[in-house]
Structure formats: C-alpha cells, structure tokens
Amino acid sequence: MLFDVLSNIRVAPRTWRMVLEGDTEAFSAPGQFVNIAVDGKFLRRPISVCDYEEGKMTLLYDVVGEGTRWLSQRAGGDRLDLLVGLGNGFDTEVSCDAPALLGGGIGVAPLLNLARCLVAAGKSPVAVLGFNKGEDVVLVEELSALGVPVYVSTVDGSRGSKGFVTDALRENNLNPDYFYACGPLPMLKALCALPIPGQLSLDERMACGFGVCMCCSLETVNGPKRICKEGPVFKKEELIWK
C-alpha cells in the first residue's frame, strides 16, 4: 500500500517522527506495526505505529542502520510502500482502572496511541518513560496533552529519576493495577518480576512481517509463537525467560 510522506523531522539525536497520509483502515489496535520497503534492500523494515487516525499515521523511529538512515532522508512529497495493520496489538479491554504505560527507548513509540485509546475508554493511565540520556526524551508533551501524568527516568540521571523505568516506579510511589510495556528485553524481563499483571510488546528482527517465514518465532508456555503474527504483544504470563 502506498503512503505519502507529509513530514519527517528529527525530534532527538537519533530519533525521527514521520507523518504519513494514506489508508489506515487496516489498523485495529494500538501496538500494531508496519513493514516499509527500503530502496536497495531485500527486507522491509518493521516500525511500530506511534499514532493513527483516519487517513493519517505517525511513526517514531531511531536511525540504527542503513535502512532507517534511508528512511530519515525521505521528505514531504515522497511516497513509501508499506504493509500495514500487521501484528496483534495491546488489549485495552482488560479489567483495570489505572494502568501504567512503560516504555524504554524507542519502545515508547506505541504508547501514544495506546494512551489515547485508554483515555477514550475512561481509564486513567500513567506513563513512565525510560531513556539513556535527557536529550533522548520524546513523547512527554504529546502524552501530557492527553491528560496522562508522565514520569521520566534516565540512565545518566540528567532528567527525571536516575536509573531505569523500575526505579522511577519505585521513586514516585506508583502502584498501578496493570501495565503495558514496550522496550528492550532486559527491561521487559525486569517488569515481568513485578507482582502485577501486564502485556509486553517484543521487538524482534523480522523478514516477512506476517508469519510466513517463521524467523521471529519464540517459545511460550503455549508453544512456539511468531512475534510478527501472534505478537508483537504478549501477556506477561505467556513468556518464558531463560
């Protein structure tokens, strides 16, 4: 499916926000992703959807290699080939009143649309965002505009709590009844040790993006699952940590 680039700007040293125009009807839940064709590359690049509405989508991505570097060079008026509405997103209908939205690094991206959906459902989420440095912090203003309280942690202590998302939870005496999380595996593993239920979005290198190639499979308590198809979101109790 073709999408037109409306804007593509740097919002942190290696983080970019791209707004695309096109058909978004395939999306059904926050936490889904797109797979973007990159010139000169055989494999597409999977990118989490940060936010979407009818006819418009926002992506937040880090430049980490040749593919995302090429993506950062796209400008308004360019056209991209996307596979859309991929993966199973977050379940926002679980029984909870004040969930925590926990993001680490570029894993904060899907939390914006998730927060929008939760607020629309009458829930009162709080967001805790973790980054390496203060200059890496993104999405605070956008989440705050939805009325979501936002707490920040940085590894170097230059902004918010010093340390990780778990440190910010403890330091700010936050006691959520549920959590939604996306970020690096060490962070997700630490969150699974918390005595509260939750859902986690896993980041993985993918090829097809829709479950055919099987290269992103992982073992769960219910047998092998494909991150791109049955995921990327899994319930905490499904995951096996080795």
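Note that the structure is a prediction, hence the values are computed from the model and not measured.

Participant: Honestly, a negative patch on the surface in this entry has me stumped. Any pointers?
Facilitator: Judged by side-chain charge, Asp 23, Glu 25, Glu 53 and Glu 54 come together as a negatively charged surface patch. We classify Asp 23 as partly exposed; its relative accessible area is 37%.

Participant: Explain the side chain of Thr 24 to me, please; I cannot follow it from the model alone.
Facilitator: The residue Thr 24 is located in the loop between strand 2 (15-21) and strand 3 (33-36) in this model. With sequence-adjacent residues up to four places away left out, Thr 24 is seen in contact with Phe 3, Tyr 52, Glu 53, Glu 54, Gly 55, Lys 56 and Met 57.

Participant: How should I be thinking about the side chain of Thr 58 in this particular structure?
Facilitator: Assignment of secondary structure puts Thr 58 in strand 5 (residues 56-62). Judged by relative accessible area, which is 16%, Thr 58 ranks as buried.

Participant: Just checking my understanding: could you explain the pairing of strand 8 (residues 126-131) for this structure?
Facilitator: Looking along a regular strand, one sees the side chains alternate between the two faces of the sheet. A large share of strand 8 lies buried, amounting to six of its six residues. Both faces of strand 8 are covered, namely the face carrying Val 126, Val 128 and Gly 130 and the face carrying Ala 127, Leu 129 and Phe 131. The pairing of strand 7 (residues 100-104) with strand 8 spans five bridges and is classified as parallel. Bridging across to strand 8, Leu 101 finds its partner in Ala 127. Once the chain exits strand 7 it traverses helix 2 (residues 111-120) before rejoining the sheet at strand 8, and the crossover so formed is right-handed. Bridging between strand 8 and strand 9 (residues 150-154) involves five bridges; their strand directions are parallel. The residue bridging Ala 127 from the neighbouring strand is Val 150, located in strand 9.

Rules and cut-offs
Residues numbered from 1 in each chain as written. Predicted model: local features only at pLDDT ≥ 70, side-chain atom pairs only at ≥ 80, totals over all residues. Heavy atoms only, no water. Patch = residues over 30% accessible without salt bridge, like charges linked within 9 Å, V, L, I, M, F, W, Y side chains within 5 Å. Areas by Shrake-Rupley, 256 points an atom, 1.4 Å probe, with all protein chains shown as cover. Salt bridge = Lys/Arg side-chain N within 4 Å of Asp/Glu carboxyl O. Lys, Arg positive; Asp, Glu negative; His and termini not counted. Charge placed at Lys NZ, Arg CZ, Asp CG, Glu CD. Buried < 20%, exposed > 50% of the residue type's maximum accessible area, 1.4 Å probe, protein only. Helix = DSSP H or I, 4+ residues; strand = E, 2+ residues; numbered from the N terminus. Contact = heavy atoms within 4.5 Å. Pairing = 2+ DSSP bridges. Right-handed = clockwise from strand over helix to strand, strands pointing away.

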